[in-house]
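The primary structure of each chain is shown beneath.
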Amino acid sequence: MKKVSGKILSGILAAAMMMSVTACGGSTAGGNATAETGSSAASSDATAAGNDSAVAKDSPYAGKGYDLSKPETIVMYVLGDRPADMDTVLDKANKDYFQPNLNTTLDVEFLNWSDYQTKYPLLLSGGEQVDLIYTASWCYYNDEISAGAFKLLDDDFLKTYMPNCYKDLPEQAWKEIKVKGDIYAVPKGKATFTSYNAAVVRQDLIDKYNLTKPDSWDNFKKYLTDLSKIQSETGVVPLNTNANREQLFSMFCQANTLQGVTEGYDFLYKADNNEKAPAADDIQYTYMSDYYTDYALQMAELAKEGAWSGNAINDTSDSQAYFENGTSGAMVWNTTVFTAGKNLETAGLGKYAVYDVTPDTKRARGAYSVDATAITAKSADPERAALALDYMKSDVNLNRLLLGGIEGTHWKLDENGNRVTLDKAADYPWNGWAWALNRSDEPDEAGMDDRQVEYGKHCDEMEFIPDQTGFTFDPTPVQNQYTAIQSVVKEYQQSFALGIYGDDTQKSLDEFHKALTDAGVDEFTKEFLKQYQEYKDANGI
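Here the structure is a predicted model, which means the values were calculated and not measured.

1. Details of the overall build of the chain
Reasoning step 1: Within the chain, the secondary structure is distributed over 21 helices and 13 strands.
Reasoning step 2: The C-alpha extent of the chain, read off along each of the three principal axes, is 75 × 55 × 45 Å.
Reasoning step 3: Evaluated residue by residue, the chain yields a buried proportion of 55% over its 541 residues.
Reasoning step 4: Taking the contacts inside the chain whose residues are at least 6 apart along the sequence as the reference set, 76% of them involve residues at least 24 apart.
Reasoning step 5: Put simply, the chain shows about 22,900 Å² of open surface, and 45% of that area lies on carbon and sulfur atoms.
Reasoning step 6: For the chain, the distance from the average site of its 49 positive side-chain charges to the average site of its 81 negative ones is 3 Å.

This is the structure:
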């Protein structure tokens, strides 16, 4: 795609900033947008410079100076399982939006949960076309920045090719996605309590067998061991967990009021519900801390009690599916637990309850950087990829089509503007994969379970915003150590989470700590704390 010249950049920006397309970040303009209102003459110059005769005159990108004359296919990779109706939805998105208004065809490919960790890096380093890709603080964002796989998105590029998102995403979103002051991905537009976990359990079994109510961390563990003692009678595994997702560590941290310093990198401190930024001396590397030792020993005890299958380390099935089909007695996650419980009851397989196991612990919203989309460095047309992403996030109708499928087929809005799930929704679940595209005006689900409403209210009441929110770490100075540490953690982490080492857990922890030390965890920690202190000093916190 032909780049817009510097001579007409101001004209493009002026025109783009005047567009009245609905904002991707909601109605409140956040961010660092400082666009000047341009003159009609500037807009005319921009229009003359572009070549967009191949798109509809009412396209939101027509007359803005973009060269849209050549048809392009943009390939986007996301995580998850491909919905049954994905092709139908994508055909409609291309026919009604991308092709007439951008002369572009969008192709969405999926990386499954069972093997994305293997395929993700290979995909970016291989020869396949990848223009856009899901990324996150927990999904290779910093790793792939260091590897040079993501395009640097400077202000000029964002203003020009992502005018709506640049202007309207919240300032905090852009702040959180930066690494050492630079942006390499476009964050989501809505921050929710995704990092706070609750437990969905089988209330029918609690009632029938007089099991312990899991209303605290200790009582939740007791509930699991209660269930294990009657598994031969119920046929229900207390907690179907596996090697793909560590279900209990977040809840353990909540029970001990432990807070992550920033997204990723595994540094924590004991917050005690205090929003004050911790002193550097109070920060510990998770896997070297006494807290993690305590956690690992507790997991070994739960494994010995039969809280999950002895073959869990080899299980790659989805834990949510286990709960929904009635074969699991619990699942731990964010508000997804309500969806799992509702599906269990709809199938007539049991009655659910969600327990906030740590009700007195304050909770932080998940960072905007938890879900984001990067433009790859190897994209042959990063400008067209950026426009396609801007369109997906800024046009409310296109956005809802991608998030939830076809209105009237998969969902509809009621008289209050709330989302009603229709019969075909199972073939295209709402927000099943497009988390990085979400907007602050996403419609609420109609008829939401009162239990979920109350849970949401309590989360709002207990919201916690640490003073260091916005701090990001650049691992480049200790990249070799960081890579080696990650390799060690990957070798041991899930085995500790599943209590695999049993009575040898402490011995294995000692081996783990030595391996981390040999990998350079002391140098890694020193660099993290150095950057953290610099951030505190620069921001007066």
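We are not done yet, so read on.
2. With respect to the sheet that holds strand S5 (residues 198-202)
Reasoning step 1: Pairing within the open sheet is antiparallel, and its 3 strands lie in the order S9-S5-S10. Every interior strand has two partners, whereas the edge strands, strand S9 (330-333) and strand S10 (352-355), have only one. Adjacent strand axes in the sheet meet at a mean angle of 20°, parallel and antiparallel pairs treated alike.
Reasoning step 2: Sheet topology note: the S5/S9 ladder contains 4 bridges and is antiparallel. Bridging across to S9, Val201 finds its partner in Ala330.
Reasoning step 3: Helix-sheet contacts for helix H15 (residues 336-346) involve S5, S9 and S10, and the interaxial angle to S10 is about 165°.

3. Things to note about the pattern of salt bridges
Reasoning step 1: For the structure on display, the rule yields 23 salt bridges.
Reasoning step 2: As a salt-bridge pair, Asp474 and Lys180 come within 3.4 Å of each other at their nearest N and O atoms. Remark: Lys180 occurs in the loop between helix H8 (171-177) and strand S4 (186-187) and Asp474 occurs in the loop between helix H18 (450-461) and helix H19 (479-497); sequence separation between them is 294 residues.
Reasoning step 3: With relative accessibility at 7%, the residue Asp474 sits in the buried group.

4. Structural notes on the pairing of strand S7 (residues 267-270)
Reasoning step 1: When strand S6 (residues 258-260) meets S7, the two strands line up antiparallel, connected through 3 bridges. Along S7, the bridge assignment pairs Leu258 with Lys270.
Reasoning step 2: Counting the residues that bridge the hairpin from S6 to S7 gives 6 residues, and of these Gly264 lies at a positive phi of roughly 80°.
Reasoning step 3: Relative to strand S8 (residues 284-285), S7 runs antiparallel, the two being bridged by 2 bridges. Looking at S8, one finds that Phe267 is bridged to Tyr285.

5. Details of the packing of H19 against helix H20 (residues 505-519)
Reasoning step 1: For the pair H19 and H20, interaxial distance at closest approach is 8 Å and the crossing angle is 170°. Regarding the angle of H19 to H20, the classification is roughly antiparallel. In contact with Gln481, Ala484, Ile485, Val488, Val489, Tyr492 and Phe496 of H19, H20 contributes Thr505, Ser508, Leu509, Glu511, Phe512, Ala515, Leu516 and Ala519.
Reasoning step 2: For the contact of H19 with H20, the residue count by class is 11 nonpolar, 3 polar and 1 charged.

6. Points about the packing of aromatic side chains
Reasoning step 1: Under the counting rule described, the total for this entry stands at 45 aromatic pairs.
Reasoning step 2: When the ring of Phe252 is compared with that of Tyr295, the centres are 5.5 Å apart and the planes differ by 55°; the resulting orientation is tilted. Of this pair, Phe252 sits in helix H12 (residues 249-255) while Tyr295 is found in helix H13 (residues 290-304), placing the two residues 43 residues apart along the sequence.
Reasoning step 3: With centroids separated by 5.8 Å and ring planes inclined at 75°, the aromatic side chains of Phe473 and Phe524 adopt a geometry described as edge-to-face. Residue Phe473 is found in the loop between H18 and H19, and its partner Phe524 is found in helix H21 (residues 521-539); the two are separated by 51 residues along the sequence. Residues Phe473 and Phe524 agree in their burial class; the two are buried.
Reasoning step 4: For Lys151, the ring lying beneath its charged end belongs to Phe157, and the centroid distance is 4.8 Å.
Reasoning step 5: It is Arg363 that lies over the ring of Tyr196; its NZ or CZ is 3.8 Å from the centre.

7. With respect to the side chain of Arg419
Reasoning step 1: As for its position among the elements, Arg419 is in strand S13 (residues 419-421).
Reasoning step 2: Although Arg419 is buried, it makes no salt bridge; Glu445 carries the closest opposite charge, 4.6 Å away.
Reasoning step 3: Apart from the residues lying within four places of it in its own chain, the contact partners of Arg419 are Trp411, Lys412, Leu413, Trp430, Pro443, Asp444, Glu445 and Ala446.

The rules behind these values
Residues numbered from 1 in each chain as written. Predicted model: local features only at pLDDT ≥ 70, side-chain atom pairs only at ≥ 80, totals over all residues. Heavy atoms only, no water. Helix = DSSP H or I, 4+ residues; strand = E, 2+ residues; numbered from the N terminus. Buried < 20%, exposed > 50% of the residue type's maximum accessible area, 1.4 Å probe, protein only. Contact = heavy atoms within 4.5 Å. Areas by Shrake-Rupley, 256 points an atom, 1.4 Å probe, with all protein chains shown as cover. Lys, Arg positive; Asp, Glu negative; His and termini not counted. Charge placed at Lys NZ, Arg CZ, Asp CG, Glu CD. Pairing = 2+ DSSP bridges. Axes fitted to C-alpha atoms, helices over the stretch in contact; angles between N-to-C directions. Salt bridge = Lys/Arg side-chain N within 4 Å of Asp/Glu carboxyl O. Parallel < 35°, antiparallel > 145°, perpendicular 65-115°, else oblique. Nonpolar A, V, L, I, M, F, W, Y, C, P; charged D, E, K, R; others polar. Phe/Tyr/Trp six-rings, centres within 6.5 Å; stacked < 30°, edge-to-face > 60°. Lys NZ or Arg CZ within 6 Å of the ring centre and 35° of its normal.

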